[in-house]
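Survey of secondary and tertiary structure
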Amino acid sequence: MDSYSSVGAPRAPGQMSSGELSARLDRLPMSRFHYKLLFAGGLGYTFDAMDGAIVAFILPSVREEWGLSTGLTGILGSSLLIGFLVGALLAGTLGDKIGRKKIMVSALIIYCIASVVAAFSPNFWVLFVARVVAGIGTGAESAIIAPYLSEFVPSRFRGRYIGSLAAFFSFGYILAALLGYFIVSEFDHGWRYVQLITAVPILLVLWWRRGLPESPRFLHVHGRKAEAERVVESIEDSVRASTGKPLAPIPQSAPDPDVIVSAGNIVDNLKALFRGGLKKTTFTAWVYWFVAIFTFYGFFTWIPSLLVERGFDISKSFMFAILIYLAQTPGYFSAAWISELIERKWAIVLYLTGAAGAASGMAFADSATEIVVWGMLLSFFMNGNAALEYSYTSEIYPTMIRTTGLGVASAVGRIGGIIAPIAIGFSYGSVGFGGVFVMLLVLLVLGASVVAIFGQKTTGKSLEAIGQNTIKD
């Protein structure tokens, strides 16, 4: 295939500019190639979520079997989040240094091994450490998949695509709820069996990911331009073959070039997060992620146990949790759709505000029906926001520091996730069921306010154009 510049002039292979790379990828229609990436990345998110959510369902059984205090139960609930923090930091910084694909595959291996160890834990501390290590794997993967996929997707589909990718989290939560209901609550040592089950499907994902390409944007910004061009050409060939149609011509106007904000090493990448207009971007991302993850894990880690504390037996509380988790899927997909209709930042504000209203309803709910209805609404809006946080944060940083930006923001969020189960565990006795949800309400309003005031506009723009605007702010 011949190589052409963005203005149609022939040139030697390996001299493709970042603007041309962007133009060539953004002009493509959605095809089998993009859906294969979505499926491979989405399966990873499904198993990540299933493993993370299963902690909520094993807590009551482990607490009863080992006689754990409420405080130790909360610490165990935070184990995965501690690993998430480490994993997100490692994936973010290393993903911008050694590549997105290597991190994705390595993270899966770590997670799979740790889940098996957790299943055979002889005591609390072995289980705690195994869950931390499993969290490193899932945290690394969660931080790397969205920015990796965003670098392949045409800008006009990016919000919907990454939002749909995040929707695979909901499938994992639903599977975890089903495992909790049918296995944990029905079998002696069922909490051990489900951890083995969550590890097995990872082998399938590893097989799927062997043939995934490295991000051409990553290759290009690191000077591997010939490799980047070969990947782009391969994608174009795949799209042409699957659609059976010729590709649209490359736009004649030169697109924005990628922004080089760092020398490319880990320390410089971290420093770049606080240079120029990136300071505001980083502040917004950190507050947003802290609020989102604190409220998310505060709610979903404790909801089965909180229902038990309200007087429902374990089986009924798990059934309520299944209903609440089922609301996740429409939450994700509705946010993916709305994020292409209105500016992404305003979609975030909408879903955070909706979650705040649902938290208020949960705080004053009296009957089982009210708890389930308000819980489903809270699940709907929180998970819609989860879809938006991945798509939005994958856009707002230049390619050179994209996974660093998302990884560090995710790590800051995981601090909130670590604090949330412990804070709820220790404060429940004094503030009660309603007080827990008032706490979530206040944080959700704070997050919505920060994004509304400082958030960057990204909808419909190329990643390179967003990077240019971020630096200028």
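Above this note sits the structure.
These lines cover the structure that appears in this document, whether it is placed above or below. (Residues numbered from 1 in each chain as written. Predicted model: local features only at pLDDT ≥ 70, side-chain atom pairs only at ≥ 80, totals over all residues. Heavy atoms only, no water.)

**A short note on the overall build of the protein chain**
Helix and strand content of the protein chain: 18 helices and zero strands. Radius of gyration (C-alpha) of the protein chain: 22 Å, near the 23 Å computed for a compact globule of 473 residues. Judged by the C-alpha coordinates and their principal axes, the protein chain covers about 75 × 45 × 45 Å. Taken over 473 residues, the protein chain has a buried fraction of 63%. (Helix = DSSP H or I, 4+ residues; strand = E, 2+ residues; numbered from the N terminus. Rg over C-alpha atoms; globule rule 2.2 N^0.38 Å. Buried < 20%, exposed > 50% of the residue type's maximum accessible area, 1.4 Å probe, protein only.)

**A few points about the packing of aromatic side chains**
Counted according to the given criterion, the structure contains 17 aromatic pairs. Ring geometry for Tyr45 versus Tyr390: centroids 5.6 Å apart, planes at 50°, classification tilted. Of this pair, Tyr45 sits in helix H2 (residues 32-66) while Tyr390 sits in helix H16 (residues 368-393), and the two are 345 residues apart along the sequence. According to the relative accessible area criterion, Tyr390 is buried, its value standing at 4%. For the pair Trp66 and Trp191, a centre-to-centre distance of 5.4 Å together with 80° between the ring planes defines the contact as edge-to-face. With Trp66 in helix H2 and Trp191 in helix H7 (residues 190-199), the pair connects residues that are 125 residues apart, well separated along the chain. With a relative accessible area of 22%, Trp66 lands in the partly exposed category. An aromatic cluster is built from Tyr45, Phe169, Trp289 and Tyr390, whose rings are joined through pairwise contacts. The ring of Trp346 carries Lys345 above its face, with NZ or CZ at 4.8 Å from the centroid. (Phe/Tyr/Trp six-rings, centres within 6.5 Å; stacked < 30°, edge-to-face > 60°. Lys NZ or Arg CZ within 6 Å of the ring centre and 35° of its normal.)

**Considerations on a nonpolar patch on the surface**
On the surface, a nonpolar cluster with roughly 530 Å² of combined accessible area is contributed by Trp337, Leu341, Ile342, Trp346 and Leu350. Turning to its location among the elements, Trp346 is positioned in helix H15 (residues 344-363). (Patch = residues over 30% accessible without salt bridge, like charges linked within 9 Å, V, L, I, M, F, W, Y side chains within 5 Å. Areas by Shrake-Rupley, 256 points an atom, 1.4 Å probe, with all protein chains shown as cover. Salt bridge = Lys/Arg side-chain N within 4 Å of Asp/Glu carboxyl O.)

**Overview of helix H4 (residues 100-119)**
Under the 1.5 Å per step criterion, the end-to-end length of H4 is 29 Å for 20 residues, consistent within 8% with the ideal 28 Å. Every buried residue of H4 is accounted for by Arg100, Ile103, Met104, Ala107, Leu108, Tyr111, Cys112, Ala114, Ser115, Ala118 and Ala119. (Expected span 1.5 Å × (residues − 1).)

**Overview of the nonpolar core**
Counting residues in hydrophobic clusters, the biggest one holds 148 residues, and the most contacted among them are Phe299, Tyr325 and Leu378. It is H2 that provides the largest number of residues to this core, a total of 17 residues. (Core = buried A, V, L, I, M, F, W, Y, C linked by side-chain atoms within 4.5 Å.)

**Regarding helix H1 (residues 18-26)**
One turn of the α-helix equals 3.6 residues, which is why residues spaced by three or four share an orientation. Most of H1 is tucked away, with nine of its nine residues classed as buried. Turning to H1, its buried residues are Ser18, Gly19, Glu20, Leu21, Ser22, Ala23, Arg24, Leu25 and Asp26.

**Regarding the pattern of salt bridges**
In total, this model carries 14 salt bridges according to the counting rule given. One salt bridge connects Arg27 with Glu236, and the closest N-O pair in it is separated by 2.9 Å. Of the two residues, Arg27 is situated in the loop between H1 and H2 and Glu236 in helix H10 (residues 225-243); the sequence distance between them amounts to 209 residues. Overall, the relative accessible area of 15% leaves Arg27 in the buried class. The residue Arg344 makes a salt bridge to Glu395 at a minimum N-O spacing of 2.4 Å. Note that Arg344 is positioned in helix H15 and Glu395 in the loop between H16 and helix H17 (402-454), a separation of 51 residues in sequence. Residue Arg344 is classed as buried on the basis of its relative accessible area, which comes to 0%. Overlapping salt bridges, with partners in common, bring together Glu20, Arg24, Arg27, Glu229 and Glu236 in one network.

No statement about biological role is implied by the geometric values presented.
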